[in-house]
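Results of the structural survey
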Amino acid sequence: MTLSSISSTLSRRPGIRLGLLLAAPLTWLVLVYVVALAALLVTAFWTIDSFTNELERTFTLDNVREITGEALYRTVTLRTIGVALLVTLIDCAIALPVGFYMAKIASRRSRHLLVIAFLMPLWASYLVKALAWRSLLSNGGLLDWAGGLVGLGTPGFGFTAIVLTQAYIWLPYVVLPVYAAYERVPDSLLDAAGDLGARPALTFRTVVLPLVVPGLVAGSIFSFSLTMGDYITVNIVGGANQMLGNLVFINSGSNLPLAAAIALIPIVVIMIYLALVRRTGALENL
Amino acid sequence: MRNIRTRHTIGAAVAALSLITLSACGGDDGDSSTGAVDKLGENEGEVSILAWPGYVEDGSTDPEVDWVSGFEKETGCQVTAKVYGTSDEAFNLAKSGEYDVVAASGDLTLRMVAAGEAAEVNTDLIPNYEGIYDFLKDREWNTVDDKNYGIPHGYGANLLMYNTKDVTPAPTSWKAVFEDAPKHKGQVTAYDSPIYIADAAVYLMAHQPDLGIENPYSLDEKQLAAAVDLLKSQRASVGEYWSDYTKTQASFETGDTVVGTTWQVIANLIDQKKAPVEAILPSEGATGWNDTWMISSNSKSPNCAYAWLNHISDPEVNAQATEYFGEAPNSDKACEFASEGHCETFHAGDEAYAEKIWFWNTPINDCLDGRTDVECTDYQDWTKAWSEIKG
């Protein structure tokens, strides 16, 4: 059969065509995403032979009991959520004015330049960015020098450093959806509000913001969930701190079921976050 | 119409392509046969090695430091090397089955054997094995049930490093990172692995004899709790923990860290102009490593793996490698090739000295010190304790 006869057969049978088109991506989705996630969920209820590291496939609630009962996991979960919330707040606070400027004020040319400028960090490796922050924050680094001018030192490695670095790394993921949301706000609405006598602050609060919230929500889902799962930044600039990702990592070698159980925590937190976001109705407007 | 036909052709082509991709992705798992081989075949042309930093150097770190290129030329086995920072990390990587050879410390070897990741090694096929110190052969970390699982590489101690400008008077005891740690609050470092608990246990052995610790890898619950308490109070002064050796190197150079545990190789790598550092073996003794070259049970290049094991235990190569890392070599012959004083510094072949270093071992429920009236804490307990210490 030649390619053209195959294609004519396929063109006569849309069902086969669709099936063939979707077979591979769907198989991947099921195998890589659904099965992997299910395996993770199941593993959390297994246990392990402490020496050989062999999984023992017997159902137990020990791991779940451990992560809900021990103070360690509460502390680390709270710290991780705290970092994720702060990162999201900082990124939103930057994205709101920046996005407005890019979409409504900047000239065509500088708008393109700004978009490129905000996308640029995405072209560099994650590790390079985290390590760059390490040298910025270190003793004798740029922040130490700049802080010294106003009588402060570097915040050093630790909680603040994690928040700063993560806020930097995930910023493009918040700026872009917010910018796109502003773009969709018709200029005529702003004019109409002005004509009707609304001051800029009122226009922003009652006209622009409600239209931008879906973009903000989309961005915050990125920054929040990406921060929840991170462990590399913590390793590089986190000092002696640990986040949930680090607990997963340290246990993945010696106790996979416990690591799987810990990995459930961010999943649950993000699901709660999504549920809360959904209640605001922002998801329907996406 | 023309346009629609084109779209269908493209659709069909994409569908066909994705099916091909799918079928090509079906993996084949190499069978993992055990039992040592009794003769070698032709070299496979490549070998991948998982090792501590500084163990597999091909001149890319320092053009003067190269014992890989010669091996590649001689045997035709192209070497790809991956370095790791902790034994836990190595265990995860080794389980992927992608590495033919693993350089493993004593807290890893037995786990490798127990998990079926290590192949039995026929030492008769490694001519250089004969010259290796007898006291390194057939030890509990490289031999299980009279079966050999690897070739001894070298051994050394986890040292105490300090910045001579900032830490005065010069410390002689691990006290510098425990009781005296608050003096350098935020600038103390420690090795980021559960096995570091043994360092605290070594300190307690000397300073709190009533705890009755006989072996730092064999702690009952009360003894572990004492070590954890000590490490928790240390935690308040720790600026950061390290497992990546380049991170601790940079940290000492910038002055973010001034005192903490280290390896000799890190002390060697630090630019003395940036930070004047000294690494010492404190009076309490220390934990240490005694490393073994193992072959993966999933190795697809066993012949090249054997060739590497023989190459790395060649006295001249072993001298280079162990000197670069800063540890005692595995044979007297190697000492003839090492720089003057190297074997004396590291007490190579000095059995009595080696007895003082507590080589990394895997903590298990059966107490390693021979106690039978109590159950000891195992590595999982240590991992949990370590997470709690960091908080």
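Residues numbered from 1 in each chain as written. Chains lettered and ligands numbered in written order. Predicted model: local features only at pLDDT ≥ 70, side-chain atom pairs only at ≥ 80, totals over all residues. Heavy atoms only, no water.

The name given to chain B in an unreviewed UniProt entry is Putative spermidine/putrescine transport system substrate-binding protein, with Nocardioides panzhihuensis as the source organism. Turning to chain B, the UniProt record has this under Subcellular location (unreviewed entry): "Periplasm". (UniProt positions renumbered as here; feature names shortened; annotations may be inferred.)

Right, let's talk about the pairing of strand S13 (residues 286-296) of chain B for a bit. All names here are of chain B. In terms of residue burial, S13 counts as a mostly covered element, since 11 of its 11 residues are buried. The side-chain alternation of S13 yields two buried faces, one formed by Ala286, Gly288, Asn290, Thr292, Met294 and Ser296 and the other by Thr287, Trp289, Asp291, Trp293 and Ile295. Across 4 bridges, strand S3 (residues 101-104) lies against S13 in antiparallel orientation. Residue pairing across strands places valine 102 opposite methionine 294, the latter belonging to S13. The sheet contact formed by strand S4 (residues 118-119) and S13 spans 2 bridges and is antiparallel. Residue pairing for S13: alanine 118 is matched across the bridge by serine 296. (Buried < 20%, exposed > 50% of the residue type's maximum accessible area, 1.4 Å probe, protein only. Helix = DSSP H or I, 4+ residues; strand = E, 2+ residues; numbered from the N terminus. Pairing = 2+ DSSP bridges.)

With that settled, the discussion passes to the interface of chain B and chain A. Contact residues are listed per partner, giving 44 residues for chain B and 40 residues for chain A. Around 3,500 Å² of area is buried between chain B and chain A when both sides are counted, 58% of it from carbon and sulfur atoms. A salt bridge links A:Arg134 to B:Glu240, with the shortest nitrogen-to-oxygen separation between them at 2.7 Å. Taken together, the elements giving at least two residues each to the side of chain B that touches chain A come down to helix H1 (2-24), helix H3 (87-95), helix H4 (106-114), strand S10 (238-242), helix H7 (245-254) and helix H14 (379-390) of chain B. Top element by residues in the side of chain B that touches chain A is H1(B). It accounts for 10 residues. When grouped by side-chain class, the residues that make up the side of chain B that touches chain A number 16 nonpolar, 16 polar and 12 charged. (Contact = heavy atoms within 4.5 Å. Buried area = accessible area lost by both parts, 1.4 Å probe. Salt bridge = Lys/Arg side-chain N within 4 Å of Asp/Glu carboxyl O. Nonpolar A, V, L, I, M, F, W, Y, C, P; charged D, E, K, R; others polar.)

A few words on the state of the cysteines. Residue and element names in this part refer to chain B. Inspection of every chain in the model, using the stated rule, returns 3 disulfides over all chains. In this model, cysteine 367 is linked to cysteine 376 through a disulfide, with the two sulfur atoms separated by 2.1 Å. Where cysteine 367 bonds to cysteine 376 through sulfur, the torsion about that S-S bond is close to 105°, and the disulfide is right-handed. Residue cysteine 367 is classed as buried on the basis of its relative accessible area of 10%. If the cysteines joined by disulfides in chain B are listed in sequence order, their pairing comes out as 1-2, 3-4, 5-6. (Disulfide = S-S within 2.5 Å.)

This brings us to the nonpolar core. All names here are of chain B. Ranked by internal contacts, the top residues of the largest apolar core, which has 121 residues, are Ile197, Trp293 and Trp308. Residue contributions to this core peak at 7 residues, all from helix H9 (residues 302-312). Mapped onto the domain boundaries, this core takes at least three residues apiece from domain 1 (46-155 + 290-350) and domain 2 (156-288 + 363-390). Setting aside its immediate chain neighbours within four residues, tryptophan 308 contacts Ile49, Tyr55, Val56, Trp67, Val68, Phe71, Val79, Val101 and Trp293. (Core = buried A, V, L, I, M, F, W, Y, C linked by side-chain atoms within 4.5 Å. Domains from an automatic or database assignment.)

Right, let's get into the pattern of salt bridges. Following the criterion strictly, the structure yields 14 salt bridges over all chains and no others. In this structure, B:Asp88 and B:Arg111 form a salt bridge, with 3.1 Å as the shortest nitrogen-oxygen distance. Taken together, the positions of B:Asp88 in helix H3 and B:Arg111 in helix H4 put the pair 23 residues apart, joining distant regions of the chain. B:Arg111 matches B:Asp88 in its accessibility class, with the two residues each being buried. Within the structure, one salt-bridge network assembled from shared partners comprises A:Glu66, A:Glu70 and B:Lys384.

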